Amino acid sequence: MNIAVYPGSFDPCTNGHLDIIKRVSAIFDKVIVAVLCNSGKTPLFSVEERVEILKKATSDIPNIEIVSFSGLLVDFLKENNAKIVIKGLRAVSDFEYEFQMALTNRKLCDNVETLFISASTEYMFLSSSIVKEIASYNGDLSGLVPDELIPIIKSRFGFVNN
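Attention in this report is confined to the structure presented alongside it. (Residues numbered from 1 in each chain as written. Predicted model: local features only at pLDDT ≥ 70, side-chain atom pairs only at ≥ 80, totals over all residues. Heavy atoms only, no water.)

**Looking at the pairing of strand β4 (residues 84-89)**
So, step 1. For β4, the buried fraction is high: 5 of the 6 residues fall into the buried class.
So, step 2. Here 6 bridges tie β4 to strand β5 (residues 113-118), and the two strands are oriented parallel to one another. Counted as the bridge partner of lysine 87 is phenylalanine 116 from β5.
So, step 3. Traced from β4 through helix α4 (residues 92-108) to β5, the parallel crossover comes out right-handed. (Buried < 20%, exposed > 50% of the residue type's maximum accessible area, 1.4 Å probe, protein only. Helix = DSSP H or I, 4+ residues; strand = E, 2+ residues; numbered from the N terminus. Pairing = 2+ DSSP bridges. Right-handed = clockwise from strand over helix to strand, strands pointing away.)

Below, the structure is given as structure tokens:
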């Protein structure tokens, strides 16, 4: 079985993330979306909430598994019999960091490959940070995140549905 892992914080999940998930699910037998539990950050959503949100957003894709993880990505890959890491790229600035991480993962485990997937044009600007910034000013999140997620994100900033 050809298994790929798409790791990230997904805080919150955006339509850009979902675009990458849908596109790679058509290429691999199984895609594990691995939600990073990073104790060094204070996320908007708990890791459990992010997992649940992603499960709802990907419920129509049969070969997707959503799980959380902490620790080294290469250890997670080994535990899940996966050798492919998926990384979405929006710009050259993303590539520099992700390339360094790919080389590091390859050094730690020589059979790990990282595949870079270009963001679709309509999502090249989109990041979780931008979504949080817009939401913090009660801005319009339409088209940026799944519609069902908009009231949940807005409520984290003290805004009621409008």
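**Let's talk about the environment of serine 142**
So, step 1. As for its position among the elements, serine 142 is in the loop between α5 (128-136) and α6 (150-156).
So, step 2. Separated by 127 residues in the primary sequence, serine 142 and asparagine 15 have C-alpha atoms spaced 10.0 Å apart.
So, step 3. At 2.6 Å, the side chain of serine 142 forms a polar contact with the side chain of aspartate 140. (Polar contact = N/O pair within 3.5 Å; in protein donor to acceptor, adjacent residues only side chain to side chain.)

**Re the layout of surface pockets**
So, step 1. Quantified by volume, the largest pocket comes out at close to 1,200 Å³.
So, step 2. Broken down by secondary-structure element, the contributors of at least two residues to the lining of the largest pocket are β1 (3-8), α1 (15-25), β4, α4 and α5.
So, step 3. With 9 residues, the top contributor of residues to the lining of the largest pocket is α4.
So, step 4. When the residues that make up the lining of the largest pocket are grouped by side-chain class, the tally is 18 nonpolar, 17 polar and 9 charged. (1 Å grid on protein atoms, 1.4 Å probe; cavity = no way out; pocket = protein on both sides within 12 Å on 5 of 7 lines; lining within 4 Å. Points joined across faces, edges and corners; volume = space filled by probe spheres on them. Nonpolar A, V, L, I, M, F, W, Y, C, P; charged D, E, K, R; others polar.)

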